[in-house]
Amino acid sequence: MEKKVINLALAGFGTVGTGLARIIQENEDWIERRINKKLVIKKILVRDLTRIRSFIPGPEAVFTDKVEDILADRDIDIVVELMGGLDTALRLIQKSLENGMHVVTANKALLAEKGNELFSLAHERHLGLYYEGSVAGGIPIVQTLKNSLAGNRITSLTGILNGTANFILSEMTSRGQDFAAALNTAKELGYAEADPTLDIEGLDAAHKLIILIRLAHGADYPLSVLPVQGISGVKRTDVALAAEFGYVLKLIAQVREKSGHLQAGVFPALLPMDHILAKVDGPFNSILLKGNAVGPIMLYGQGAGDLPTGSAVLADIMALARDKARIDNTGFRERALPKAHILEPDLAVSRHYFRMTALDKPGVLSAVSGVMGEHNISIAQAVQKPGPEGRDVPIVFLTHRAPLKAVLQALRVIDEFNFITGPTVHYRILK
Ligand code: NAP
Ligand code: HSE
């Protein structure tokens, strides 16, 4: 007979671990009614055993600072890895699977780097390695791609996947703050880490995109070749100019399928103000995807935080507790996913925004537009901001659709002109 108790080991009891434990306690009866089993937190792994905890689960929970205490406990059914980092988490997940324990994790960095290896191991052992909390916190995108949209070819997926970056850009847009001030506000409100590098340099969004590419396309896209540009270089001027033209700047993670090849990347982009993702403000996340049968679908919600992420982790635990025989980790039947066929990123075609800094003197506009013409780039709008003659002025060009390759080549030529006094700022414009 199936046992009525599911024993959990929480490896990590910080923001997400504590949130998860709170929900398990608060919704105990509700959970039992759904899965007909009681979830018991038996072990909790932390780094610092002396730290005062804001929440302590039931009396069964034993705190430890030794990974081995979890690995040696044969009563544990599911190891819930919520400590983050690469090395200890990797060892814990590998050993847990080798010891026959299912694993639930929210560790997107680890899955982006080592996912294929770990999913192969889980596949060989017929064990669950579930990860709903790893992408977009509380938004149920993993299950959606694996199950609800399983029959669709996903032709495009465009996401706002990093709440910290989205909060910073929203502050710059709505309050006219510069990047440093907006980052400080994000830190004060607890959105950004003390070291927010992964968030602001686009890497956190990149980790999540790699996971989504696996789920949507059944392919392994190496993180090392994904083009990634963050928002640390975004200037208040460009946010304000974008608004003048009717656009809003967002950090976008995108993958599109073109004839069996994937074009993917993380980059800041201008979105028209009436674009459905332009309204995703503050620390919220959203994912807009198109399936060849279902058409467009958009998901929106809290991409981080104790309870939203705990909610996603709990869904994985409950799915495993309900039916351990029906394991589905990647959504595909292969032991290891095949390598993605990757389309050169600079073949991407879109509209473009340029802001040049140039001396205000005769011949500047004609020289710049001449280079654009030579590279077959058609200008849709051009504005020169007023300034004293002979001094630096911003010149903004919005183009019609052009390949990124041609745009980058043109920019290299333009930035060599002696009247260009600073590097030209360039962003894509999404439809
Ligand atoms: P956190 O608040 O920093 O908590 C980490 C926990 O892991 C702490 O309890 C810490 O122990 C423990 N820990 C870390 N390294 C350890 C080690 N080597 N040995 C033993 N214990 C260790 O992290 P978090 O924000 O909850 O994030 C956990 C995971 O979820 C990460 O992979 C993160 O990327 C992912 N995630 C987080 C969010 C979010 O909103 N925070 C959202 C989605 C995904 P101490 O308590 O003793 O320090
Ligand atoms: N640092 C992440 C964010 C947290 O800002 O979105 C959740 O992954």
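Conventions used here
- Residues numbered from 1 in each chain as written.
- Chains lettered and ligands numbered in written order.
- Predicted model: local features only at pLDDT ≥ 70, side-chain atom pairs only at ≥ 80, totals over all residues.
- Heavy atoms only, no water.
- Helix = DSSP H or I, 4+ residues; strand = E, 2+ residues; numbered from the N terminus.
- Buried < 20%, exposed > 50% of the residue type's maximum accessible area, 1.4 Å probe, protein only.
- Contact = heavy atoms within 4.5 Å.
- Phe/Tyr/Trp six-rings, centres within 6.5 Å; stacked < 30°, edge-to-face > 60°.
- Core = buried A, V, L, I, M, F, W, Y, C linked by side-chain atoms within 4.5 Å.
- Near = heavy atom within 4 Å.
- Polar contact = N/O pair within 3.5 Å; in protein donor to acceptor, adjacent residues only side chain to side chain.
- Areas by Shrake-Rupley, 256 points an atom, 1.4 Å probe, with all protein chains shown as cover.
- Nonpolar A, V, L, I, M, F, W, Y, C, P; charged D, E, K, R; others polar.

Draft legend 1. Highlighting the side chain of Ser96. Tracing the backbone through its elements, the reader meets Ser96 in helix α4 (residues 87–98). Owing to a relative accessible area of 0%, Ser96 belongs among the buried residues under this scheme. Setting aside residues up to four positions removed in sequence, Ser96 forms contacts with Leu71, Val79, Met101 and Val103.

Draft legend 2. Quick peek at the packing of aromatic side chains. According to the stated counting rule, one finds six aromatic pairs in the structure shown. Geometrically, the ring pair formed by Phe119 and Tyr131 is tilted, given 5.2 Å between the ring centres and 55 degrees between the ring planes. Of this pair, Phe119 sits in helix α5 (residues 108–125) while Tyr131 sits in the loop between β6 (129–130) and α6 (141–148), and the two are twelve residues apart along the sequence. As far as burial versus exposure is concerned, Phe119 and Tyr131 are alike and both buried. Centre to centre, the rings of Phe167 and Tyr191 are 4.8 Å apart; their planes meet at 55 degrees, and the pair counts as tilted. With Phe167 in helix α7 (residues 163–175) and Tyr191 in the loop between α8 (179–188) and α9 (197–200), this residue pair connects regions lying 24 residues apart in the sequence. Judged by relative accessible area, Phe167 falls into the buried class, the value being 6%. The exposure class assigned to Tyr191 is partly exposed, which follows from its relative accessible area of 34%.

Draft legend 3. Expanded view of the nonpolar core. Judged by nonpolar contacts, the single largest core of 74 residues is most densely connected at Ile141, Leu145, Leu157, Ile168, Leu209, Ile231 and Tyr353. Top contributing element to this core by residue count: helix α10 (residues 203–217), with nine residues. Each residue touching Ile168, except ones within four places of it in the same chain, is listed here: Phe179, Ala182, Leu183, Ala186, Ile200 and Ile231. Residues Phe13, Ile41, Val46 and Val80 belong to the second largest nonpolar core, which totals 30 residues.

Draft legend 4. Up close: the site of ligand 1. Every one of the 22 residues lining ligand 1 counts as a neighbour, but Phe13, Val16, Asp48, Arg53 and Gly305 are closest to it. Contacts to ligand 1 include Phe13, whose backbone N or O atom sits 2.8 Å from an oxygen atom. One of the backbone N or O atoms of Gly305 is found 2.7 Å from an oxygen atom in ligand 1. Contact with the protein chains hides 80% of the accessible area of ligand 1, taken as 890 Å² for the molecule alone. When the residues that make up the shell around ligand 1 are grouped by side-chain class, the tally is eight nonpolar, nine polar and five charged.

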